[in-house]
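Coordinate analysis (summary)
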Amino acid sequence: MPTLVSEAFQAEGAEPLSLKPVFSASGIKGKRVTALSPQENALTDFIQTVIAEKPDIDSPFSVLDLGVVMGLMDKWATKLPTVQPFYAVKCNPNLSLIGALAALGSSFDCASKAEIEAVLSLGVSPNRIIYANPCKSESHIKYAATVGVNVTTYDSKDEVEKIRKCHPTCELLLRIKPPQDSGARSSLGLKYGALPEEIPELLSVAHAAGLKVTGVSFHIGSGGGDVRAYHGAISAAKSVFDTASLLGMPRMRVLDIGGGFTSGTAFDAAALKINAAIQSSFGNEEGLVVIGEPGRYFAETAFTLATKVIGKRVRGELREYWIDDGIYGTLNNIVFDYATVTCTPLACTSKPENPSCMDFKTYSSTVFGPTCDSIDTVLTDYQLPELQMNDWLVFPNMGAYTTSSGTNFNGFSSSVKSTFLAYSSPITREQTML
Ligand SMILES: *Cc1c(COP(=O)(O)O)cnc(C)c1O
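Residues numbered from 1 in each chain as written. Predicted model: local features only at pLDDT ≥ 70, side-chain atom pairs only at ≥ 80, totals over all residues. Heavy atoms only, no water.

**A word on the overall build of the protein chain**
Definition in use: Runs of E in the DSSP output that reach at least two residues are strands. Runs of H or I that reach at least four are helices, and both are numbered from the N terminus. Only the C-alpha atoms count toward the radius of gyration. The rule for a globule is 2.2 Å times the residue count to the power 0.38. Per-residue accessibility, obtained with a 1.4 Å probe over protein chains only, is compared with the maximum for each type, and a residue is labelled buried under 20%, exposed over 50%, and partly exposed between these values. Residues count as neighbours in contact if any of their non-hydrogen atoms are within 4.5 Å of one another. Accessible areas in this description were obtained via Shrake-Rupley with a 1.4 Å probe; residue shielding takes into account the shown protein chains only. We treat Lys and Arg as the positive residues and Asp and Glu as the negative residues; His and chain ends play no part in the count. Where a charge sits is defined by one atom per residue type, namely NZ (Lys), CZ (Arg), CG (Asp) or CD (Glu).
The helix and strand tally for the protein chain stands at 16 helices and 17 strands. At 23 Å, the protein chain has a C-alpha radius of gyration in line with the 22 Å of a compact globule built from 434 residues. Structurally, the protein chain occupies a C-alpha span of about 75 × 55 × 40 Å along its principal axes. By the burial criterion, 53% of the 434 residues in the protein chain qualify as buried. Partitioning the intrachain contacts of the protein chain with sequence separation of at least 6 by distance along the chain shows that 71% fall at a separation of at least 24. Taken as a whole, the protein chain presents about 18,900 Å² of accessible surface, with 55% of it coming from carbon and sulfur. Taking the average location of the 36 positive side-chain charges in the protein chain and that of its 44 negative ones, the two points are 4 Å from each other.

**Section: the side chain of S222**
Cut-off, in case you're wondering: Any pair of N or O atoms that falls within 3.5 Å is considered a polar contact. Within protein, one atom must be able to donate a hydrogen and the other to accept it, and sequence-neighbouring residues count only if both atoms are side-chain atoms.
Topologically, S222 is positioned in the loop between β8 (213–217) and α10 (229–246). Side-chain polar atoms of S222 contact the side chain of R296, separated by 2.9 Å. Apart from residues no more than four positions distant in its own chain, S222 is found in contact with A184, R185, S186, G260, R296 and Y401.

**Notes on the pairing of strand β11 (residues 303–315)**
Short version of the rule: Pairs of strands are assigned from DSSP output, requiring at least two bridges between the strands.
Strand direction decides the pairing type here: strand β2 (residues 61–65) and β11, joined by four bridges, are antiparallel. Across the sheet, F61 pairs through a bridge with A306, a residue of β11. Remark: two residues form the turn of the hairpin made by β11 and strand β12 (residues 318–323), two consecutive strands paired antiparallel; G316 in that turn has positive phi of roughly 60 degrees.

**Section: the packing of aromatic side chains**
To describe a pair of aromatic rings, one takes the distance between the centres and the angle between the planes. Short version of the rule: Within 6.5 Å between ring centres, the rings of Phe, Tyr and Trp (the latter by its six-membered ring) count as paired, and their orientation is classed by plane angle as stacked under 30 degrees, edge-to-face over 60, tilted in between. We call a charge positioned over a ring when the NZ of a Lys or the CZ of an Arg lies within 6 Å of the ring centre and within 35 degrees of the ring normal.
Applying the stated criterion across every chain yields a total of 14 aromatic pairs. On the numbers, 5.7 Å between centres and 85 degrees between planes, the contact of F23 with Y423 is edge-to-face. One end of the pair, F23, is in helix α2 (residues 19–23); the other, Y423, is in strand β17 (residues 419–423), with 400 residues separating them in the sequence. Judged by its relative accessible area of 15%, F23 falls in the buried class. Where F241 meets F282, the ring centres are 4.9 Å apart and the plane angle is 75 degrees; that geometry is what we call edge-to-face. Within this pair, whereas F241 is found in helix α10, its partner F282 is found in helix α11 (residues 265–282), the two being separated by 41 residues in sequence. Taken together, the ring pairs connect W76, Y230, F261, F267, Y297 and F298 into an aromatic cluster. When the ring centre of Y143 is taken as origin, the NZ or CZ atom of K113, which lies over that ring, is 5.3 Å away.

**Observations concerning the site of the ligand**
Test applied: Proximity is defined per residue: any heavy atom of the residue falling within 4 Å of a molecule or strand makes that residue near it. Residues are grouped as follows: Ala, Val, Leu, Ile, Met, Phe, Trp, Tyr, Cys and Pro are nonpolar; Asp, Glu, Lys and Arg are charged; all remaining types, including Gly, are polar.
Around the ligand, the surrounding shell holds 14 residues, and the nearest of these are K90, S222, E293, R296 and Y401. Taking K90, its side chain carries an N or O atom lying 2.7 Å from an oxygen atom of the ligand. Contacts to the ligand include H219, whose side-chain N or O atom sits 2.9 Å from an oxygen atom. In the complex, 93% of the free accessible area of the ligand, which totals 390 Å², lies under the protein chains. Considering only residue class, the shell around the ligand consists of four nonpolar, five polar and five charged.

**Some points on the state of the cysteines**
Note the threshold: What counts as a disulfide here is a pair of cysteine sulfur atoms lying within 2.5 Å.
The tally for this structure, following the rule as stated, stands at zero disulfides. We note that C135 lacks a disulfide partner, and the nearest cysteine sulfur, in C166, lies 12 Å from it.

As structure tokens, then:
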């Protein structure tokens, strides 16, 4: 029987200081958080326990490992100590994740009324929210004004006019297009960001409208971009600070370096580049406030998806399976986020003595989602042992751009039915990585 973290720490009186605020955070308090044992496969063992306790459990479901989130926050604070994170809610609006991040000191990047409402519903102060969508509808801007969200981004003259009309005390950050393409999976520069030649006019127009432009933002693109892009973007931001001064506008003070971070070793490389670029472009800028908008960084590796095999067809050596989640649901990241997903059969990770895993024979397999559309194919030519009906497939790293962008196509409700909370200690995670 797994221990509940709350009980374990109370019993041992050994609760690390950083844990307490997280377990009592809105979105988590009152929920069961299970401590994962410091063993390999602790997470799949936990999934096995969840299913054993409730064999008729609704599939698909996911597990949020709060220990991963805490570890990532520690790492952020160590590697980017001068950059205040504003978690990009669109990446995964799960309330337990938002609550944990709020308790760990993060602020939030919201892009719509509903995202602002979600964050405020957890008791987060509106001055910890940036409305980081350069093009907003008037009704959403008015809503931001009524709840006291007072910082937003823009990259067009029409946006200035809307903000002047609906929220004249709102501070603005000018969103610029980073000079070099980072080669990221999802380029955002195609849609947003002022071009260099547009910048002076966009600054003057806002100034003339009586709005305060307090800084500059950019986004190098989401997912696996070249971290060298931060350098050019930060120095372009510095030019905007200089242009504003030349135009006689009040001194800017906010540098928003956007998102685009991944959580592996690429993060260390990105942090080095960013720190060096801030130093070289803004080294002697007094009172500079630097913020970032990480989405994927915090969400991707924190969630694991469990789906059930609901159909099977054998065609010679080929094995075909249907699972109850697919590219119209949580696995839409395959389409919209260009994700490459992997999965393991729960039976084999958790119970390697299972007969179908013992002989290590695998088959070229196709894994389909549940809808009638043939595009709803999750994996092709994927090696899996022979699976049976009602076996489970476990997909790691399923937190970024998954549940937030699913559909209800064909009557299959988009996302996971429930999210179970777990906590791996740093020791657990070290062991798992070995
Ligand atoms: C999507 C988005 C983010 C988050 O991007 P990640 O690549 O997930 O870090 C941050 N800021 C803005 C403005 C965004 O649109």
